[in-house]
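Listed below are the residues making up each chain.
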Amino acid sequence: MKLSPLATVLFALLVLALLAAGPAHAGPLGMLAYGLCQTGCNTAAVACYSAAGLTFGVSVGTLGPVAMAAAAGCSVAQGSCMAACAAMAIAPTP
């Protein structure tokens, strides 16, 4: 599935807004924010892989070192994004 540039930008803005909201979203709303944040992270990862000419979720072991490096970079970025989402889900309610 290839996402439009507009959809990618909208998800990125959603993730940034949720991250900026901070601990006010703890509790039931925190879990909703967590799910939306995870969706944004995965959408960005798909866009990253697509930009590198790869398909998200498909092994890159048989590709060259440049493709493997691109996939590794996308995976690191996705992991960092998801870690930020997890921080929102466990943040205490003020």
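All values derive from a computational prediction rather than experimental measurement.

A. Layout of the overall build of the chain. When its secondary structure is counted, the chain shows 3 helices and 0 strands. Reading the chain from its N terminus to its C terminus gives the helix and strand order α-α-α. Relative to its full complement of 94 residues, the chain shows a buried share of 27%. Within the chain, contacts between residues at least 6 apart in sequence are counted, and of these 66% link residues at least 24 apart. Summing over all exposed atoms, the chain offers an accessible surface of approximately 5,600 Å²; the carbon and sulfur share of this is 76%.

B. Summary view of helix H3 (residues 65-90). In this model, H3 (26 residues) spans 37 Å end to end at C-alpha, consistent with the 38 Å of a helix rising 1.5 Å per residue. Looking at H3, one finds that the buried residues are Ala67, Ala71, Cys74, Gln78, Cys81, Cys85, Met88 and Ala89.

Rules of the game
- Residues numbered from 1 in each chain as written.
- Predicted model: local features only at pLDDT ≥ 70, side-chain atom pairs only at ≥ 80, totals over all residues.
- Heavy atoms only, no water.
- Helix = DSSP H or I, 4+ residues; strand = E, 2+ residues; numbered from the N terminus.
- Buried < 20%, exposed > 50% of the residue type's maximum accessible area, 1.4 Å probe, protein only.
- Contact = heavy atoms within 4.5 Å.
- Areas by Shrake-Rupley, 256 points an atom, 1.4 Å probe, with all protein chains shown as cover.
- Expected span 1.5 Å × (residues − 1).

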